[in-house]
Amino acid sequence: MTDMTSSSQVARTLGTDGRSMELKGTVGFSSLPDQLVNKSVTKGFDFNILCVGETAVGKSTLIDSLFKSNFDDAPVSHKQPQVSLTRHTYNLKESNVNLRLTVVSTTGFGDQINKENSSKPIVEYIDNQFETYLQEELKIKRNLMETHDTRIHVCLYFVSPTGHSLKSLDLISMKELDKKVNIIPIIAKADTVSRPELLQFKKKIMEELGENGLRIYTFPTDDATVADTNNKMNEQIPFAVVGSREEIVAGGQRVRARKYPWGVVEVENETHCDFVKLREMMIRTNMEDLREKTHSIHYELYRRNKLTAMGFSDTSADNKPVSLQETYEQKRSEHLREMQTREERMRQMFVQKVKEKESQLKSSEQKLHDEFERMRKQHTDEKKQLDDKRVSLEDEINDFNKRKAQLQAHRAQAELAKSNAAATIRSPRK
């Protein structure tokens, strides 16, 4: 880097009116890069890696190899009922730079018979991290400098070393993720595939990604200092990697490697695998670009879609700029109108229900009245019938009594006549 603090150097800058101005001496803003570096080193950095791949494909082993450490990660079985994510955060320090590393790994990915919703928990997790950052950003009293940024900066997508082609699960999952995160596809356990098969497999993967319109992360080439290297490394994607926790002595040095009956595969030997290329490109050269693209592309897309869905817009219907205050007042007015409409609708519904209830009550009352009248009339008719029957019975009783009296009178006369006749008969004999 050239020394911009030299007083003999003539600097050029752009004025507020668009004119180029010449400085006759040192002003001091050339120390801005140093200020930014010091501030960043003091604050530290957040870097979050998402590892997506089937169980036992080597996700944890590769992360251990990338950062030359042994992170705690318990092994899982292939019998997971659904896909879930585990997150671990570690504080790392190299020289005087602090890095807060978060490793998010999928559990049970590809283990279910029905793999239709395998990517859904992953997408939801990424969106939740965007939402957390957005909510902090929208607070009145916010502190983004001290907030732990959990947004995923890179997704290492582990492809099983089949040597043939991508699985349908891989294509569907990457299609769901490519708009939300920087995807770097890697071929796991590349030492299980021969060199010619590996080259053919890489070519096949890139062809399938292009045919299906999948967008993966490409290393930037706009910086002249790394353009040539990044161009060459873009041609190496997907990286064929090997990870190991075991160390052996090779060439007088301890190196990470995998021992086989036929020989040794060194993790950091570029003739054996692409591990060093992946580490150099992702961590040493392009880590800040991954962080910047996560914020400026993926997060901004989520933020724009979310605010648009909430009704916010930068321009009005006639393409005039709209301030946040105007948008707020407009949304407030719309909300009040909507509340008034709802209130009026509810009032009308209440009046309608009251009318319906009154109608039902009147109908019930009329039915009761009609039933009462019917029963009263029935009672009257039955009473009249009973009275008529009583009068008829009384008349019958009177007639019966009269006939009885007459019969008794006839019997008495007959007895009297009989008695007189008997007396008459007895009298001549005496």
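Residues numbered from 1 in each chain as written. Predicted model: local features only at pLDDT ≥ 70, side-chain atom pairs only at ≥ 80, totals over all residues. Heavy atoms only, no water.

Chemist: Looking at this structure, I do not really get the pairing of strand β5 (residues 97–107). What am I missing?
Modeler: Look at any regular strand and the pattern is simple: side chains alternate between the two faces of the sheet. With 8 of its 11 residues buried, β5 lies for the most part within the structure. Two strands pair when backbone bridges link them, and strand β3 (residues 45–52) and β5 are joined in this way by 7 bridges, in the parallel orientation. Bridge pairing in β5 links F47 to L101. In the sheet, strand β4 (residues 84–94) pairs with β5 via 11 bridges, with the strands oriented antiparallel. Considered in β5, the bridge of S84 is made with T107. Between β4 and β5, which pair antiparallel and follow one another directly, the connecting turn spans 2 residues, one of which, S95, has a positive phi of 60 degrees. (Buried < 20%, exposed > 50% of the residue type's maximum accessible area, 1.4 Å probe, protein only. Helix = DSSP H or I, 4+ residues; strand = E, 2+ residues; numbered from the N terminus. Pairing = 2+ DSSP bridges.)

Chemist: What am I meant to see in the packing of aromatic side chains here?
Modeler: Both the distance between ring centres and the angle between the ring planes are used here to describe each pair of aromatic rings. All chains considered together, the criterion is met by 7 aromatic pairs. An angle of 5 degrees between the planes, with centres 4.9 Å apart, marks the rings of Y260 and W262 as stacked. Look at W262 and you get exposed, because its relative accessible area is 60%. Three or more aromatic residues link up through ring pairs in this structure, and these residues are F130, Y133, Y299 and Y302. Looking at R151, its charged tip hangs above the ring of Y133, at a distance of 3.7 Å from the centre. (Phe/Tyr/Trp six-rings, centres within 6.5 Å; stacked < 30°, edge-to-face > 60°. Lys NZ or Arg CZ within 6 Å of the ring centre and 35° of its normal.)

Chemist: When you look at the sheet that holds strand β6 (residues 154–159) in this model, what are you seeing that I'm missing?
Modeler: What holds strands together in a sheet is hydrogen bonding between their backbones, with the strands either parallel or antiparallel. Strand order in the open sheet formed by 6 strands is β4-β5-β3-β6-β7-β8, with mixed pairing between adjacent strands. Each edge of the open sheet carries a strand with a single partner, namely β4 and β8 (239–240). The sheet contact formed by β3 and β6 spans 4 bridges and is parallel. Across the sheet, L50 pairs through a bridge with C155, a residue of β6. Those strands touched by helix α3 (residues 120–138) are β3, β4 and β5, and its axis lies near 50 degrees from that of β4. (Contact = heavy atoms within 4.5 Å. Axes fitted to C-alpha atoms, helices over the stretch in contact; angles between N-to-C directions.)

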